[in-house]
Amino acid sequence: MHKFLTFSDHLRLIDERSTAFRAAVAAAPSLDMQVPTHPERTLFDLVQHVGMGRRKSAAIVAAGPADAPPEKSAWEDGTGAPREREALLAWWTESIEQLTSALREAGPDRGCWTWWGDSQSPQTSGAWARRQVPEIAVHTYDVQLTVGAPQPLPDEVALDGFDDCQFTLCSTDVAWPHEPAVVDYYATEGCSWRLRLSRDGAWAARLGAPAASEDPDPGTADASARGTASDLVLFFYGRIPPDSLQLELDGDRRIFDQLIAWDPSV
């Protein structure tokens, strides 16, 4: 059964995952290490990229209702992140403080611009808070992998994060360009989801949850993936390949390849 996390939960998890991110960076032998999941980036590049993303998110939330994101000058002064490690870690902490301060001031229900306007998730500051958690968590995994100490995502983070992936990142009213399909995801912790793909787009639902988003027609899936919630999130973000032994895939595996290659924005 899915447990819905609150706005306060998401703020707490942003702090927790950000602290884990900072600790992994602090433990790295060098900031010039290549990140295995982003071969084009060094560890320094990754910290700067993720930190700038949090600053941009903070500016978007602070701006409130809008038809477009704020100008780049609202979140970037052109100097980038400092290269000295202690200064970089302080810059990272400041980036997270900007984000959490903007979210706390806004509260969960303020309307604001989002890039997921065609999804099932609301265009609110609360949705932005939720979106931050798996983003920071997966990049924390990237840093941990770089230093040779990868850790699975905590259950609470992974379960809510995968739910967000389905309802925010997957759902869209852009037509699915292949044969209609139904994909089920099963987390070994007890939650499951269904994604329906058709010319009407992609529609996510929770299986077995007494809520408006429950799939009214369980039926049979064309493909399914089963694993821990952490592995499902890492699979979704491309950190675990489809043929990984950590996942149990059934049905037509071509659908997963199609999903990976699909970009509804183009």
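This text goes with the structure placed above it.
These lines cover the structure that appears in this document, whether it is placed above or below. (Residues numbered from 1 in each chain as written. Predicted model: local features only at pLDDT ≥ 70, side-chain atom pairs only at ≥ 80, totals over all residues. Heavy atoms only, no water.)

Focus: the packing of helix α5 (residues 155-170) against helix α6 (residues 229-236)
What counts here: Every axis corresponds to a line fitted to the C-alpha atoms, with the helix fit spanning only the stretch in contact, and the corresponding angles, defined between N-to-C directions, vary from 0 to 180 degrees. By definition, any uninterrupted DSSP run of H or I lasting at least four residues is a helix, any uninterrupted run of E lasting at least two residues is a strand, and each is numbered from the N terminus. The crossing is said to be left-handed when, going from far helix to near helix, the turn is anticlockwise and less than a right angle, and right-handed when the turn is clockwise. Should any heavy atoms of two residues lie within 4.5 Å, those residues are considered in contact. Under this grouping Gly is polar, as are all residues other than the nonpolar Ala, Val, Leu, Ile, Met, Phe, Trp, Tyr, Cys and Pro and the charged Asp, Glu, Lys and Arg.
α6 packs onto α5 with a crossing angle of 35° between their chain directions and a minimal axis gap of 8 Å. Read as a crossing pair, α5 and α6 show a hand that is left-handed. Here α5 contributes Ala 158, Leu 159, Gly 161, Phe 162, Cys 165, Gln 166, Leu 169 and Cys 170 to the contact with α6, which in turn contributes Ala 229, Ser 230, Leu 232, Val 233 and Phe 236. Each residue belonging to the contact of α5 with α6 can be placed in one class, and the counts come to 10 nonpolar, three polar and no charged.

Some details on the layout of surface pockets
This is how the line gets drawn: Here a cavity means grid points, on a 1 Å grid over the protein atoms only, where a 1.4 Å probe fits yet cannot get out; a pocket means an open set of points with protein on both sides within 12 Å along at least five of seven lines; lining residues are those with an atom within 4 Å of a point. Grid points are joined across faces, edges and corners, and a volume is the space filled by probe spheres set on the points.
The computed volume of the largest pocket comes to approximately 960 Å³. Elements that contribute at least two residues to the lining of the largest pocket include exactly α2 (43-63), α4 (125-146), α5, β4 (192-198), α6 and α7 (254-261). The element best represented in the lining of the largest pocket is α2, accounting for seven residues. Grouping the amino acids of the lining of the largest pocket by side-chain chemistry returns 20 nonpolar, 10 polar and six charged. As a volume, the second largest pocket reaches approximately 310 Å³. Considering the residues around the second largest pocket, the lining is formed by 21 residues, among which Ser 121, Pro 122, Ala 127, Arg 130 and Arg 206 are closest to the centre. Taken together, the elements giving at least two residues each to the lining of the second largest pocket come down to α1 (7-27), α4 and α5. The element best represented in the lining of the second largest pocket is α5, accounting for five residues.

A few points about the side chain of His 10
Note the threshold: Burial classification: accessible surface area is computed with a 1.4 Å probe over protein chains only, and a residue below 20% of its type maximum counts as buried, one above 50% as exposed, and the rest as partly exposed.
Mapped onto the secondary structure, His 10 falls in helix α1. We classify His 10 as buried; its relative accessible area is 5%. Residue contacts for His 10: discarding those within four places in its chain leaves Leu 5, Ala 129, Arg 130, Val 133 and Asp 160.

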